[in-house]
Amino acid sequence: MGDLKTGAASGRFTFPSPEIALSALGGSLPALLDLHLAQPDANGDEAAAAMAEMMLRMLGVPTTRPWTSPTAPFPRTAEATAGARTSVRRCPGEPRP
């Protein structure tokens, strides 16, 4: 939910409610898995890429944004690099490097 709120606050995502957005996005994964089970010979990578792009559209990301291809890396922005310090989440009990 935090990523949705951050995306909305930055203006990248537009939706009326983060709870509804989370519900819509969360329902997409079981639907994609169901499609895979119904059509096991279909190209899973293409289906996943199409689903990711559709999910971005659900969040209000316009088709004119060049980085919205699900297979393209996200752009490096000043805010992204500023927050990219060495903050790494570790599993409980995992040793530090």
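Now for a look at the structure at hand. As a convention, each chain's residues are numbered from 1 in the sequence order in which they are written. For a predicted model such as this one, the threshold for reporting local features is a pLDDT of at least 70, and the threshold for listing and counting side-chain atom pairs is 80 or more; totals across whole chains, interfaces and linings nevertheless cover every residue. Only hydrogens and water are removed before side-chain values are computed, so all heavy atoms of the structure are retained for them.

### Looking at the overall build of the protein
A run of H or I in DSSP counts as a helix once it spans at least four residues, and a run of E counts as a strand once it spans at least two, with each numbered from the N terminus. The helix and strand tally for the protein stands at four helices and zero strands. The cut-offs for exposure are 20% and 50% of the maximum accessible area for each residue type, with area from a 1.4 Å probe on protein chains only; residues under the lower value are buried, those over the upper are exposed, and the others partly exposed. With 97 residues in all, the protein has 16% of them scored as buried. Considering only contacts in the protein between residues 6 or more positions apart, those separated by 24 or more positions represent 40%. Shrake-Rupley sampling with a 1.4 Å probe provides the accessible areas, and residues are treated as covered by the protein chains on show and by no other component. For the protein, the exposed area adds up to about 7500 Å²; of that, 60% sits on carbon and sulfur atoms. The contact definition used throughout considers only heavy atoms, calling two residues in contact when any of these lie within 4.5 Å.

### So, helix α2 (residues 18–38)
Counting along an α-helix, one turn takes 3.6 residues, and residues three or four places apart therefore face a common direction. Between its first and last C-alpha, α2 extends 31 Å over 21 residues, near the 30 Å set by a 1.5 Å rise per residue. The set of residues buried in α2 consists of Pro18, Ala21, Leu25, Ser28 and Leu32. Buried positions in α2, seen along its axis, are confined to an arc of 60° and lie on one side of it. Among the exposed residues of α2, those pointing more than 90 degrees away from its buried face are Ile20, Ser23, Asp34, Leu37 and Ala38. Multiplying one less than the number of residues by 1.5 Å gives the expected span of a helix. Note that the arc is defined by the directions from the helix axis to the C-beta atoms.

### A few points about the environment of Met54
Note on placement: Met54 falls in helix α3 (residues 44–58). Along the sequence, Met54 and Leu25 sit 29 residues apart, while their C-alpha atoms lie 9.8 Å from each other.

### Quick word on the nonpolar core
Take the buried residues of types Ala, Val, Leu, Ile, Met, Phe, Trp, Tyr and Cys, join any two whose side-chain atoms come within 4.5 Å, and each joined set is a nonpolar core. One finds Leu4, Phe13, Phe15, Ala21, Leu25, Leu56, Leu59 and Val61 forming the largest nonpolar core, which totals eight residues. Beyond its immediate chain neighbours, meaning those up to four positions away, Leu4 contacts Phe13, Phe15, Pro18, Ala21, Leu22, Leu25 and Leu59.

### Description of the environment of Gly11
When you line up the elements, Gly11 lands in the loop between α1 (2–10) and α2. Judged by relative accessible area, Gly11 falls into the partly exposed class, the value being 49%. Along the sequence, Gly11 and Val61 sit 50 residues apart, while their C-alpha atoms lie 9.4 Å from each other.

### Thoughts on the side chain of Ser28
With respect to the helices and strands, the residue Ser28 is situated in helix α2. Within 3.5 Å is the distance limit for a polar contact, defined as a pair of N or O atoms, with the added protein rule that one can donate a hydrogen and the other accept it, and that residues adjacent in sequence qualify only through two side-chain atoms. A polar atom in the side chain of Ser28 sits 3.0 Å from the backbone oxygen of Ala24. Excluding its chain neighbours within four sequence positions, the residues that come into contact with Ser28 are Met51, Met55 and Met58.

### As for the environment of Ala52
Here Ala52 is to be found in helix α3. Among the residues examined, Ala52 registers a relative accessible area of 29% and is labelled partly exposed. Separated by 24 residues in the primary sequence, Ala52 and Ser28 have C-alpha atoms spaced 9.3 Å apart.

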